[in-house]
Amino acid sequence: MSKILMLGLFPTEILHYIFEYLSAYDILYAFDGLNRRIDAVLHNYDKYDFICQSISPEQIRSFTLSDAEDTVRQINFFFRSFYIRRLVNLKSLTLNEIGKQDWNKLASKLHYLTNLTSLSLISSCPLSYPPSDEKLSLKSLT
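Every chain is numbered on its own, with residues counted from 1 as its sequence reads. Owing to the predicted nature of the model, reporting of local features is limited to residues with pLDDT of at least 70; listing and counting of side-chain atom pairs is limited to 80 or more, with chain, interface and lining totals taken over all residues. Computation of side-chain values: all heavy atoms of the structure, hydrogens and water removed.

Participant: Lay out the overall build of the protein chain in plain terms, naming residues and giving numbers.
Facilitator: Secondary structure is summarised from DSSP: a helix means a run of H or I of at least four residues, a strand means a run of E of at least two, and numbering begins at the N terminus for each. For the protein chain, the helix and strand inventory stands at seven helices and four strands. When accessible area is computed with a 1.4 Å probe and restricted to protein chains, residues below 20% of their type maximum are described as buried, those above 50% as exposed, and intermediate ones as partly exposed. Of all 142 residues assigned to the protein chain, the portion counted as buried reaches 36%. Working rule for contacts: check all heavy atoms of both residues, and any pair within 4.5 Å makes them a contact. Taking the contacts inside the protein chain whose residues are at least 6 apart along the sequence as the reference set, 63% of them involve residues at least 24 apart. Accessible surface computed for the protein chain: about 9200 Å², of which carbon and sulfur atoms make up 55%. Per-residue and other accessible areas were derived by the Shrake-Rupley procedure at a 1.4 Å probe size, with only the shown protein chains allowed to occlude residues.

See the structure below:
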């Protein structure tokens, strides 16, 4: 069995205990994206706010946000954590299961993302609202 999979079997409390000994950078670099279970533990960890605060928005080039069952309200958390005008180097944005209210908030601010070339909307059911009332001038829209 893979060591990564075995780490995912640890109880949440043990993972939190391990995180206490690591810097925000080390937690993010070592654990983010390993698997869904660890991502869910990481995103619900109290230090996650600190991790997001330690990232400079100017450094972000690609971002995936999700409001799926295992990442509920992540998109809302994004709006609380990042000032969209500071995402000056964002080129790719993927939104998974975005709700109408969150989409409307974001759509009205997309014009600030001048380097955005790719916007992907992923939904398990058809969107019941138009993606935007504004014209989007992106190289790729999926």
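Participant: Can you explain the pattern of salt bridges? Please cite residues and give values.
Facilitator: Any Lys or Arg side-chain nitrogen found within 4 Å of a carboxyl oxygen on Asp or Glu counts as a salt bridge. Going through the model one piece at a time under the given rule, you end up with one salt bridge. Of the charged contacts in the structure, one is a salt bridge between R86 and E58, with a shortest N-O distance of 2.9 Å. Of the two residues, R86 is situated in the loop between α6 (74-81) and β2 (92-96) and E58 in the loop between α5 (48-54) and β1 (62-66); the sequence distance between them amounts to 28 residues. We classify E58 as partly exposed; its relative accessible area is 28%.

Participant: Go over helix α7 (residues 100-107) with me, naming the residues and quoting the values.
Facilitator: Every α-helical turn comprises 3.6 residues, leaving residues that sit three or four positions apart pointing alike. Along α7, the residues that are buried comprise D102, W103, L106 and A107. Down the axis of α7, the smallest arc covering the buried residues is 130°, so these residues share one side. Buried residues belonging to α7 abut α6, β2 and β3 (118-122). Taken from the helix axis, the directions to the C-beta atoms give the arc we talk about.

Participant: Go over the packing of aromatic side chains with me, naming the residues and quoting the values.
Facilitator: What counts as a ring pair is set by centres within 6.5 Å for rings of Phe, Tyr and Trp (its six-membered ring), and what kind of pair is set by the plane angle: stacked under 30 degrees, edge-to-face over 60, tilted for all other angles. Tallying each qualifying case throughout the model produces two aromatic pairs. Measuring from ring centre to ring centre gives 5.4 Å for Y17 and Y21, while their planes differ by 70°; the resulting arrangement is edge-to-face. Judged by relative accessible area, Y21 falls into the exposed class, the value being 63%. Consider the rings of F19 and F31, whose centres lie 4.9 Å apart with planes at 70°: the pair is edge-to-face. With F19 in helix α2 (residues 12-19) and F31 in helix α3 (residues 24-31), this pair connects stretches of sequence that are 12 residues apart. A residue is classified by how much of its surface remains accessible, and F19, at 0% relative accessible area, is buried. Judged by its relative accessible area of 7%, F31 is buried.

Just geometry here; none of it tells us what the structure is for.
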